[in-house]
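Working through the structure, step by step
Okay, here's what each chain looks like letter by letter:
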Amino acid sequence: AAGLWTVFTLGGVGSKASPQLEQCSPLASQSLLLLLVLANLTDAPDMPNPYRQAIMSFKNTQDNTAFSSSSPHAFQINFNSLYTALCEQQKSDQATLLLYMLLHQNSNVRTYVLARTDIESLV
């Protein structure tokens with residue numbers, strides 16, 4: 001969870017199309033690429049992809065509902081910080097792909113984004 005948070009907070013959702021971001025945080029950029037590759041690996045017949053499960057199930061730290069630790073891959077992240085980072089980096093292909101994956105695979109993120117009143121900053 002800490003590694004995923006680092007990807008978002010270091011502004012590392014940049015792409016090669018933005019060399020300034022690449023120079024500022026190459027570790028974050030490479031971490032995001034690694035996260036995308038790991039989350040899109042196919043599932044093994046006897047074991048589902050744990051990275052995909054983590055992406056599909058993480059919750060907001062500011063959510064008032066009880067955090068269920070029944071899933072071994074469950075963690076929490078601040079959705080406001082995630083949303084802000086994704087809005088700032090939408091010129092990058094990696095950030096757009098991450099946003100697409102989160103909106104389609106994580107219902108918690110989808111609900112949060114749809115509830116935002118400033119959706120135009122993302123679009």
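Rules used in this analysis
- Per chain, residues are indexed from 1 in the order of the written sequence.
- For a predicted model such as this one, the threshold for reporting local features is a pLDDT of at least 70, and the threshold for listing and counting side-chain atom pairs is 80 or more; totals across whole chains, interfaces and linings nevertheless cover every residue.
- Only hydrogens and water are set aside; all other atoms, that is, all heavy atoms of the structure, feed into the side-chain values.
- We count a stretch as a helix when DSSP gives it H or I for four or more residues in a row; a strand needs E for two or more, and each element gets its number in order from the N terminus.
- Here's how the labels work: a residue is buried when its accessible area is under 20% of the maximum for its type, exposed when over 50%, partly exposed in between, all with a 1.4 Å probe on protein chains only.
- Note on contacts: a residue pair qualifies if any of its non-hydrogen atoms lie within 4.5 Å across the two residues.
- Only the protein chains shown count as covering a residue, and every accessible area follows the Shrake-Rupley method with a 1.4 Å probe.
- Aromatic pairs are defined between Phe, Tyr and Trp rings, using the six-membered ring for Trp, whenever the two ring centres lie within 6.5 Å; interplanar angles under 30 degrees are classed as stacked, those over 60 as edge-to-face, and all others as tilted.

Looking now at the overall build of the protein chain. Helix and strand content of the protein chain: 7 helices and 2 strands. Each helix and strand of the protein chain, placed in order from N terminus to C terminus, yields the pattern α-α-α-α-β-β-α-α-α. In the protein chain, which comprises 123 residues, the proportion classed as buried is 35%. Put simply, 50% of the contacts in the protein chain that link residues at least 6 apart link residues at least 24 apart. On the protein chain, roughly 7300 Å² of surface is accessible, and the fraction owed to carbon and sulfur atoms is 58%.

Applying the stated rule across the entire model yields 4 aromatic pairs. Taken together, a centroid distance of 5.7 Å and an interplanar angle of 90° make the contact between Phe-58 and Phe-79 edge-to-face. With Phe-58 in the loop between helix H4 (50–57) and strand S1 (59–60) and Phe-79 in helix H5 (residues 79–88), this pair connects stretches of sequence that are 21 residues apart. Both residues of the pair, Phe-58 and Phe-79, belong to the buried class.

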